[in-house]
Amino acid sequence: MSFVFRRSYRGPVKAVVFDWAGTTVDFGCCAPANVFVDLFNSHGIAVTSEQAREPMGIHKKDHIRILLKMEPIAAQWEKKTGARPTEKDVESLFAEFVPRQVETIAKHADIIPGALETIAAFRAKGIKIGSTTGYNGEMMAVLTPLAAKAGYTPDTMVSVSDVPEGRPSPWMALEAVKRMNVYPLEACVKVGDTPADIGEGLNAGMWSVGLVDHGNEVGLTAAEFAALSPEDRAAKCAKARQRLVSCGAHFVIDTIAQLPATIDEINCLLARGERP
């Protein structure tokens, strides 16, 4: 009889890598969504919030590129300019987007309820805290000091401008754990609120956890979310949850405050020799 032996990590989670907008700050991921809508509207192109949120989490230039490929938007662009959108248009819009986003970030920098307590609980257990974002370095130069003033300073911050390619490629998540000197990858958890976040974690070989209530897929401010009827809230959250589940998330939870219990579940799976 032949036997095959495989090394199996049985220890606990060592690092959690968080997204920023919609995950740890900016309830509803409103800062980027609003800027995309306003940017296109300034050119006479109607873009809905739902359209603007569809590709959320990726490099903002790629985000603009995808929006311009959406037929309702591309058709408006052609009617307005006489030509289909080109790569030159992508570059031009991105150049306009950056200062608009930098200006808007400060208005949406509040820490999401439960985030500081969750992170403190992880630190008490020796878990390292990483972060990745679809914002570039110029944008994060505004956001990180505001978050620090409010009490949130991750062990490392990797922006999309630090790597060859943004989400769903794994490079930001891998760079984060490399900087923190954490391995193996099955001891790491990627947490975010978009399909791109889930893809980033899966492609990096990490556990991927999706967040619903305060994320981009629901896409409401804290006040708007609180004002929903129980029926509307349940419907919106169910739709958001299904999208994240369909992307392959290992776990999808309501809020960041529930994450410690999820990490406990992952620790149980690791102790049995399971991998993401």
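Quick caveat, the model's predicted, so the values are computed rather than measured.

## Looking at the packing of helix α3 (residues 60-69) against helix α4 (residues 71-81)
Where α3 meets α4, the closest approach of the two axes is 5 Å, and the angle between their N-to-C directions is 80 degrees. As far as their axial angle goes, α4 and α3 are roughly perpendicular. Each of Leu67, Leu68 and Lys69 in α3 lies in contact with α4, whose residues at this interface are Glu71, Ile73, Ala74 and Trp77. Tallied by class, residues from the contact of α3 with α4 come to five nonpolar, no polar and two charged.

## A look at the pairing of strand β1 (residues 15-18)
Burial along β1 is two-sided: the residues Ala15 and Val17 and Val16 and Phe18 are all buried. Pairing analysis gives four bridges linking β1 to strand β2 (residues 128-133), with the strands arranged parallel. Following the sheet pairing, phenylalanine 18 is matched in β2 by serine 131. The sheet contact formed by β1 and strand β4 (residues 188-192) spans four bridges and is parallel. In the sheet register, valine 16 faces β4, and the bridge partner there is valine 189.

## Quick notes on the sheet that holds β1
With respect to topology, six strands assemble into an open sheet ordered β3-β2-β1-β4-β5-β6, the strand pairing being parallel. At either margin of the open sheet sits one strand with a lone partner, and together these are β3 (156-159) and β6 (251-253). Geometrically, the sheet is characterised by an average inter-axis angle of 20 degrees between neighbouring strands, direction not taken into account. Helix α8 (residues 171-180) rests against β1, β2, β3 and β4 of the sheet, and its axis sits at about 155 degrees to β3.

## Concerning the pattern of salt bridges
Applying the stated criterion to the full structure yields 20 salt bridges. Of the charged contacts in the structure, one is a salt bridge between arginine 84 and glutamate 78, with a shortest N-O distance of 3.2 Å. Residue glutamate 78 is classed as partly exposed on the basis of its relative accessible area, which comes to 34%. For the salt bridge of arginine 243 with glutamate 217, the shortest nitrogen-to-oxygen distance reads 2.8 Å. Of this pair, arginine 243 sits in helix α11 (residues 230-246) while glutamate 217 sits in the loop between β5 (207-211) and α10 (222-227); the two residues are 26 residues apart in sequence, bridging distant segments of the chain.

## Comments concerning the nonpolar core
Among the nonpolar cores identified, the biggest contains 71 residues, and Val16, Phe18 and Ile64 are the most heavily contacted of them. Looking at this core, the element that brings in the most residues is helix α1 (residues 30-41), giving seven residues. Listed in part, the 14 residues of the second largest apolar core include Val158, Met172, Val177 and Val182.

## Notes on the side chain of threonine 262
Along the chain, threonine 262 turns up in helix α12 (residues 259-271). Judged by relative accessible area, threonine 262 falls into the buried class, the value being 3%. With residues up to four places along the chain from it excluded, the contact list for threonine 262 reads Val209, Phe251 and Ile253.

## Quick notes on the environment of glutamate 78
Positionally, glutamate 78 belongs in helix α4. Filtering out sequence-adjacent residues up to four positions away, glutamate 78 remains in contact with Ala83 and Arg84.

About the criteria used
Residues numbered from 1 in each chain as written. Predicted model: local features only at pLDDT ≥ 70, side-chain atom pairs only at ≥ 80, totals over all residues. Heavy atoms only, no water. Axes fitted to C-alpha atoms, helices over the stretch in contact; angles between N-to-C directions. Helix = DSSP H or I, 4+ residues; strand = E, 2+ residues; numbered from the N terminus. Parallel < 35°, antiparallel > 145°, perpendicular 65-115°, else oblique. Contact = heavy atoms within 4.5 Å. Nonpolar A, V, L, I, M, F, W, Y, C, P; charged D, E, K, R; others polar. Buried < 20%, exposed > 50% of the residue type's maximum accessible area, 1.4 Å probe, protein only. Pairing = 2+ DSSP bridges. Salt bridge = Lys/Arg side-chain N within 4 Å of Asp/Glu carboxyl O. Core = buried A, V, L, I, M, F, W, Y, C linked by side-chain atoms within 4.5 Å.

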